[in-house]
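Breakdown of the fold
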Amino acid sequence: MHDIFDIPSSEQNAFVQILPMPFDATTSYRPGAAKGPQAVLAASRQVDLCDVDVGSPDKVGIHLDDFSEEVIERNNQSRLAVHRIREAKENGSSSQQADFDIVNEATQKNNLFVYDWAKEILKKKQFPIVLGGDHSVPWGLIKACAEQYGNEGFGILHIDAHCDLRNAYEGFEDSHASIMYNVQSKIPQVKKLTQVGIRDFCEEELDIVKGSNGRITTFFDKQLRQFKLEGSFLKLCPQIIHTLPKNVYLSFDIDGLDPTLCPNTGTPVPGGLSFDEIIALMECLALSGKIIVGMDLCEVSPPPHTPDDEWGDTWDANVGARILYKMIGFALISQKTPGIQPPHLPAW
Ligand SMILES: [Mn+2]
C-alpha cells in the first residue's frame, strides 16, 4: 500500500491508477530515473491537496501500484549489461551480443508488463498513468490506448527536450531515445504526434519530422523562444493544442522543462519550458474540449544519495510530484469530472 499524496485509496476504488516503473537501463548519459518513482512518492506526501490550478483531484482516488520486484531485477541485470557494453567500448574491445540481448529482452518484458497492466486498467474504465523510469517505459500503455481508441485513434502531446525519434540507440531497440520512433512506425492509431520543447536532436530525427506529412508537428524550443521573449507564449498555446485530435495522450519527459526544475534528470539540456509555461499549456489542453486518455511522466531523477544525508536533495522529486498532481487534475478537468475545478480565489 503506497499512499501517494498521502491519499488512503484502496486499489479498487481509485479512479486514477499509477504504475511505477523503476527502470533506467536505457538512459544514455546519467542514471537515476529508476529511483524517480520512489522519490516522487516520498515528495508527494508534502503536496497540498487543494491545488491552485486544478482543485482537488484526490477526490476521485489516486492509487500507486506496488513496485514490481521483477522490474527492479530486470533493471539491475540490464544496468550491469550496459556497464559491460560501455566498458568494452571504452577499451576498444567488442561488446558481447549477449549483453545487448539482456537489455533488449528486459525492455520487451517491460513493454508486455505495462501493456498487460494498462489493458486491465482501461477495461475497468480507470485512468492509467505510467510513472518512470526512463522514457522507454510507457510503450505498453501507448499500445493499450491504441487498441482502446482504435477506431477514432488519438494524438500524443509529447513534452521533451529530445525528439526521441532515433531508430534504436546505442544498440537498444526500445531505448528512451527511440520511444516516439517506435510509436510513429508501429502504432498507426497514433494519428498525430505534437512535440514541444525540443532542443536536442540529430539530422535523421529532423528528417522524420519533415517527412511525416504533417503527422508530426514539432514545436522546437528555438521556435518557442521568440514567443517566450515577446511574452506571447500564452497566445501560442491554443495553436499547439489545435494540432491535436480529440483524444490526447500526454507523454511528459521532465527534461522538456528548464533544467533548473529537473537538475538531476538523465540528459538535461539548457532552455525548455518554465513552470508557468507548462501549466498554461496543460490548462489550455484541459479546457480545449479535447480529452486526455492516458499519461506518463518520465525521467524524474533524484541525485545520487549521500550516506550522511537522510533525504538527499528532493528538489527534482518535489517538482515531479507537483507536476504529476497537476497532470492528474488537468486530465480530470478535460474529462469534465464533476467537482474537479480550480478553487475560487478571492479578488484583490
Ligand atoms: Mn528527453
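Here is a short report on the structure shown in this document.

**Focus on the overall build of the chain**
Helix and strand counts for the chain come out as 10 helices and 8 strands. Against the 2.2 N^0.38 benchmark of 20 Å for 348 residues, the chain shows a C-alpha radius of gyration of 19 Å, consistent with a compact globule. The dimensions of the chain, computed from C-alpha atoms along their principal axes, are 65 × 45 × 40 Å. Counting all 348 residues of the chain, 51% fall into the buried class. Contacts in the chain between residues far apart in sequence, at least 24 positions, make up 77% of those at least 6 positions apart.

**Here we look at the sheet that holds strand 5 (residues 190-198)**
Strand order in the open sheet formed by 8 strands is 2-1-3-8-7-4-5-6, with parallel pairing between adjacent strands. If you trace the sheet from one side to the other, it starts and ends with strand 2 (62-64) and strand 6 (216-220), each paired once. The average undirected angle you get between the axes of adjacent strands in this sheet is 15°. Bridge analysis of strand 4 (residues 154-159) against strand 7 (residues 247-253) gives 5 bridges, and the strand direction is parallel. By the bridge assignment for strand 7, Ile156 is matched with Tyr249. Packing of helix 4 (residues 139-148) onto the sheet brings it into contact with strand 3 (127-132), strand 4, strand 5, strand 7 and strand 8 (291-298), and relative to strand 8 it is tilted by some 170°.

**Description of helix 10 (residues 315-334)**
Its 20 residues place the ends of helix 10 28 Å apart at the C-alpha level, agreeing with the 28 Å of an ideal helix rising 1.5 Å per residue. Of all 20 residues in helix 10, 18 are buried, a share of seventy percent or more. Backbone geometry just after helix 10 places Lys336 at a positive phi near 55°.

**Digging into unusual backbone geometry**
Excluding glycine, a negative phi dihedral is what most residues carry, and trans is how most peptide bonds are arranged. Cis geometry marks the peptide bond from Gly132 to Gly133; its omega dihedral reads 20°. Structurally, Gly133 can be placed in the loop between strand 3 and helix 4. Even without being a glycine, Asp164 presents a positive backbone phi close to 55°. In this fold, Asp164 is placed in the loop between strand 4 and helix 5 (179-186). A positive phi angle, near 55°, is found at Asn213, a position not held by glycine. Here Asn213 is to be found in the loop between helix 6 (203-210) and strand 6.

**Here we look at the nonpolar core**
Grouped burial of nonpolar side chains is what soluble globular proteins tend to show. Of all hydrophobic cores here, the largest spans 100 residues; its most connected members are Leu297 and Met327. Looking at which element gives the most residues to this core, the answer is helix 10, with 12 residues.

About the criteria used
- Residues numbered from 1 in each chain as written.
- Predicted model: local features only at pLDDT ≥ 70, side-chain atom pairs only at ≥ 80, totals over all residues.
- Helix = DSSP H or I, 4+ residues; strand = E, 2+ residues; numbered from the N terminus.
- Rg over C-alpha atoms; globule rule 2.2 N^0.38 Å.
- Buried ≥ 20, exposed ≤ 12 C-beta atoms within 10 Å, placed from the backbone.
- Contact = placed C-beta atoms within 7 Å.
- Pairing = 2+ DSSP bridges.
- Axes fitted to C-alpha atoms, helices over the stretch in contact; angles between N-to-C directions.
- Expected span 1.5 Å × (residues − 1).
- Core = buried A, V, L, I, M, F, W, Y, C linked by C-beta atoms within 7 Å.

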